[in-house]
Amino acid sequence: MLLQKNAIMMGRLKYFILFLCCCAVSVVYIINDSVFRIDLSAVGTYRHVGRLLYKPAAKVDPENACNRPPMKIDDPVMMSYYTKLPPPVCEGEENWVYVDNGTLRFSKSVVKKYGNFTCDFYNLVRVHEYDVTWGSSYVNVQEGYRIPSDFFKVRCKADGNHTYDGIHAGVAYTHDRATRPEVDLSQGLGGLSIAIMGYDSMSRLSWLLRLPKTREYFMSLGAIELESHNVVGDGTTAVMFPMLTGKAEWELPQCGKNVKGANPLDNFPFLWHEFKKAGYLTSWSNGLSGAFNWRMLGFSQQPTDFYTRQFFYAIDPSRSFQRECIGSERTIQVWLKYFRDIFVMYRNRRKFLFHFFAELSHNDNNKITKIDDDLKESVQFLHDNGYLDNTLFILMGDHGARYGKLRSTWQGKMEERLPYFSFLFPKWFEEKYPKAIQNLRTNTRRLTTPFDIHETLKDFLRFDGTGVGNVSNRGISLFKEIPSERTCEHAQISSHWCACLAWQNASSKDPDVKKALRFVLDTINNFTSGFREDCAELSIENVTTAFKLKSRKSNSEAGTDMLTLYQLTLFTAPGHGHFEVTVTFDKKQNKMATSEKEISRINKYGDDPECILGKNNQIKPYCYCNDKIKR
């Protein structure tokens, strides 16, 4: 009898579990006569929900008005997406030549293999941002030939019809670079050089997990890390413009491709222009997917003394961004060596260098694990040879991963907003400016943004003092103490990007959630409405999460005059586009609002919008080509 009862109970339990599973698969509800499918199983990827999702981390700083949420480097969900990858092996014959100290050297092993050989040298010439050519040749150059330009091609011949044709990079010693007058910087901070090295899609926690050797070594030298550094917008340009110009993209002249009246970025107020006037050598070293080229016009003239775009264009004209080897050398080794060689060739010159490598980690930041040893060795080379004795060295990420399954997790969402950023000063700098460094250390636990980095870098030309920063300023130098009451609103970070807000779960039955979803769909379709012959009208495929946040109007004194913010994550059809959108609802006026700055496309669109390339690059995240439906 007991066994029979147990069997009945087990049977009932089995059906109950099956019922719960079915309930967890989907719930359907109606919005304005349209059917939307809520995939609750997808909510499971957001490991924490409701109040616990954004609970402030008291251990960070209980006095701070803005606290990032508690996250773990070894979070089991995040670790399930982590893979350590070995460095690539570059196959094929060893490069016949290489550059050392600005001179061309012949490989001894190749000479031993083939005997002496002869080479012709061709300068790489930048025609414009999207085209290069080869200059006139220098015939029969010899071992020890001093290179006249940074990027070049060599063609070599040896006995027995053996040939070599390779593209190379090195730092040339030129009169202009070597003799540029340096101005008096007694009003600035120490006359330091500034060298910034950044990598795409690297959050703080991703950096700690994927570059442990580099990080451990950097910290052992006395590096200072920002722990609550928050982005102010979507993607790399939303970091670079505030950091390098002190302005957001929409505050600058129009520079988008296929946009009427747009112009290149030459006259934008980039910091490198100011540093060059002060006698600094300058660089902007980015690959083909450059922050100012992907959907923008780039530069009509080379913007800095050292500029690598033409080199990457020459080695990879297909723009596939996947090339890991240049001949027998790994691409990252070539890139890191070019960075180091600027210090070697111009040791005693002030420098403002910004080298940002996107191709390796943009699509998959696990790939950056391949370069941990290389990056650590490069930092160690600069330190051990004294090149950092008069240099502020910065290692950084622009944001966390923006696409894919990792980004679809709750922690991935938070990490996108919290990039890695760290400073290494010469030891004498803290002795000379103790209060400035004391404030910087305090600010590691305060809310910081790329606008603050801009103000900090400006201090090296004209120091504005220490003290306490004005909380009403969008950008505050990190050498001033950032007030603990600073919030995202003070820093002009929209709610969509703020990592320290206490969002709550929103009910799928809430009529205002349904209105917000309809508003989101209409907004996205409005972006492509002028290209309806090309781009399909989208519908909502399913909704994975919905959160809300009560917020008082910034111009309201009455606590009852409130706004409600909704943050919705949804898929659209056709094309399975994955979007995260923040909507502001003023219930008193019955108005909803959002903007492109508050819409994130969190999965790749690939070639979905290929029909509008060359017509309007700005709407690519929202366009699914009609001709793909017919295929």
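Residues numbered from 1 in each chain as written. Predicted model: local features only at pLDDT ≥ 70, side-chain atom pairs only at ≥ 80, totals over all residues. Heavy atoms only, no water.

**Student:** What am I meant to see in the side chain of Ser477 here?
**Tutor:** Looking at the secondary structure, you find Ser477 in the loop between helix H18 (450–458) and strand E18 (504–505). The buried category is assigned to Ser477, whose relative accessible area is 6%. Setting aside its immediate chain neighbours within four residues, Ser477 contacts Asn443, Asp452, Glu455, Thr456 and Asp459. (Helix = DSSP H or I, 4+ residues; strand = E, 2+ residues; numbered from the N terminus. Buried < 20%, exposed > 50% of the residue type's maximum accessible area, 1.4 Å probe, protein only. Contact = heavy atoms within 4.5 Å.)

**Student:** How should the state of the cysteines be read in this particular structure?
**Tutor:** A disulfide bridge is the covalent bond that connects two cysteines by way of their sulfur atoms. Tallied over the entire structure, the rule returns six disulfides. Linked covalently through their sulfurs, Cys488 and Cys498 form a disulfide whose S-S length is 2.0 Å. Linking Cys488 and Cys498, the disulfide has an S-S dihedral of approximately 80° and is accordingly described as right-handed. Of the two residues, Cys488 sits in the loop between H18 and E18 while Cys498 sits in the loop between H18 and E18, which places them 10 residues apart along the sequence. Looking at Cys488, the relative accessible area reads 5%, which means it is buried. When its relative accessible area of 2% is taken as the criterion, Cys498 is described as buried. (Disulfide = S-S within 2.5 Å.)

**Student:** What's the story with the pairing of strand E11 (residues 281–285) in this structure? I'm lost.
**Tutor:** The two faces of the sheet receive side chains in turn, since in a regular strand these alternate between them. The buried fraction of E11 amounts to five of the five residues, a majority that puts the element mostly inside the structure. Alternating residues of E11 divide into Leu281, Ser283 and Ser285 and Thr282 and Trp284, and every residue in both groups is buried. Judged from the two bridges that link them, E11 and strand E12 (residues 306–307) form a sheet pairing that is parallel. Residue pairing across strands places Ser283 opposite Phe306, the latter belonging to E12. (Pairing = 2+ DSSP bridges.)

**Student:** Please explain the packing of helix H9 (residues 237–245) against H18 as it appears in this structure.
**Tutor:** When two helices pack together, you describe them by how their axes are tilted relative to each other and by the distance separating the axes. Relative to each other, H9 and H18 sit at 25°, their axes nearing to 7 Å. Here H9 lies roughly parallel to H18, going by the angle between them. Considering only the axes of H9 and H18, their crossing is right-handed. Contacts between H9 and H18 involve Val239, Pro242, Met243, Leu244 and Thr245 from the former and Pro450, Phe451, Ile453 and His454 from the latter. A breakdown of the residues in the contact of H9 with H18 according to their chemical character gives seven nonpolar, two polar and no charged. (Axes fitted to C-alpha atoms, helices over the stretch in contact; angles between N-to-C directions. Parallel < 35°, antiparallel > 145°, perpendicular 65-115°, else oblique. Left-handed = near helix turned anticlockwise from the far one by under 90°. Nonpolar A, V, L, I, M, F, W, Y, C, P; charged D, E, K, R; others polar.)

**Student:** I'm lost on the sheet that holds strand E17 (residues 421–424) in this one. Help?
**Tutor:** Either a parallel or an antiparallel arrangement is found when strands of a sheet pair, and the pairing is made through backbone hydrogen bonds. Spatial strand order, E10-E17-E16-E9-E15-E11-E12: seven strands in an open sheet with mixed pairing. Edge positions in the sheet fall to strand E10 (224–225) and E12, since each of these pairs with one other strand and no more. As defined by bridge partners, E11 adjoins strand E15 (residues 351–357) across five bridges and the pair is classed as parallel. Counterpart to Thr282 in the pairing with E15 is Phe352.

**Student:** Please clarify how the packing of aromatic side chains should be interpreted in this entry.
**Tutor:** Tallied over the full model, the rule gives 52 aromatic pairs. In this structure an aromatic cluster arises from ring pairing among Phe151, Tyr173, Tyr199, Trp207, Phe306, Phe311, Phe312, Trp335, Tyr338, Tyr346, Phe357 and Tyr420. The residue whose ring lies beneath Arg340 is Phe381, and the NZ or CZ to ring-centre distance is 5.5 Å. Here the guanidinium or amino end of Arg474 rests over the ring plane of Phe451, the centre of that ring lying 4.0 Å away. (Phe/Tyr/Trp six-rings, centres within 6.5 Å; stacked < 30°, edge-to-face > 60°. Lys NZ or Arg CZ within 6 Å of the ring centre and 35° of its normal.)

**Student:** Can you walk me through the sheet that holds strand E7 (residues 151–158) in this structure?
**Tutor:** Taken in spatial order, the four strands make up an open sheet running E6-E5-E7-E8, and their pairing is antiparallel. The open sheet has two edge strands, strand E6 (131–141) and strand E8 (162–169), and neither has a second partner. The mean angle between the axes of side-by-side strands here comes to 20°, regardless of whether they run parallel or antiparallel. Both strand E5 (residues 117–128) and E7 contribute to a ladder of seven bridges, which runs antiparallel. Directly across from Asn123, in E7, lies its bridge partner Phe152.

**Student:** Help me out: how do you make sense of the pattern of salt bridges in this one?
**Tutor:** Once their charged atoms are close, side chains differing in charge can pair, the charge on each being opposite to the other. In this structure the tally under the stated criterion is 37 salt bridges. The residue Lys615 makes a salt bridge to Asp534 at a minimum N-O spacing of 3.2 Å. Residue Lys615 is located in the loop between strand E23 (599–601) and helix H20 (626–630), and its partner Asp534 is located in the loop between helix H19 (511–528) and strand E19 (539–552); the two are separated by 81 residues in the primary sequence. Residue Lys615 is classed as partly exposed on the basis of its relative accessible area of 42%. Among the ionic contacts, a cluster of salt bridges with common partners joins Arg407, Lys413, Glu416, Arg417 and Glu580. (Salt bridge = Lys/Arg side-chain N within 4 Å of Asp/Glu carboxyl O.)

**Student:** I'm lost on the nonpolar core in this one. Help?
**Tutor:** In a soluble, globular protein the nonpolar side chains are often hidden away together inside. Phe292, Phe423, Phe425 and Phe460 are the most contacted members of the largest nonpolar core, which has 69 residues in total. Broken down by element, the residue count for this core peaks at five residues, all from H9. Those residues in contact with Phe460, other than ones at most four positions away along the chain, are Leu185, Gly188, Leu189, Leu192, Ile194, Phe275, Leu392, Phe425, Phe429 and Phe479. (Core = buried A, V, L, I, M, F, W, Y, C linked by side-chain atoms within 4.5 Å.)

**Student:** Looking at this model, I keep getting lost on the pairing of strand E9 (residues 193–199). Mind explaining?
**Tutor:** Burial analysis of E9 places seven of its seven residues in the buried class, which makes it a mostly covered element. Alternating positions in E9 separate into two faces, Ser193, Ala195, Met197 and Tyr199 on one and Ile194, Ile196 and Gly198 on the other, with burial throughout. Both E9 and strand E16 (residues 391–397) contribute to a ladder of seven bridges, which runs parallel. The residue bridging Met197 from the neighbouring strand is Leu395, located in E16. Here E9 runs beside E15; their pairing, made up of six bridges, is parallel. Bridge pairing in E15 places Gly198 opposite Phe356.

**Student:** How should the packing of helix H8 (residues 212–220) against helix H13 (residues 372–384) be read in this particular structure?
**Tutor:** Look at H8 against H13: their axes get within 7 Å of each other, and the N-to-C directions meet at 25°. Here H8 lies roughly parallel to H13, going by the angle between them. Across the interface between the two elements, Pro212, Lys213, Thr214, Tyr217 and Phe218 of H8 pack against Asp372, Asp373, Leu375, Lys376, Val379, Gln380, His383 and Asp384 of H13. Its residues placed into classes, the contact of H8 with H13 shows five nonpolar, three polar and five charged.

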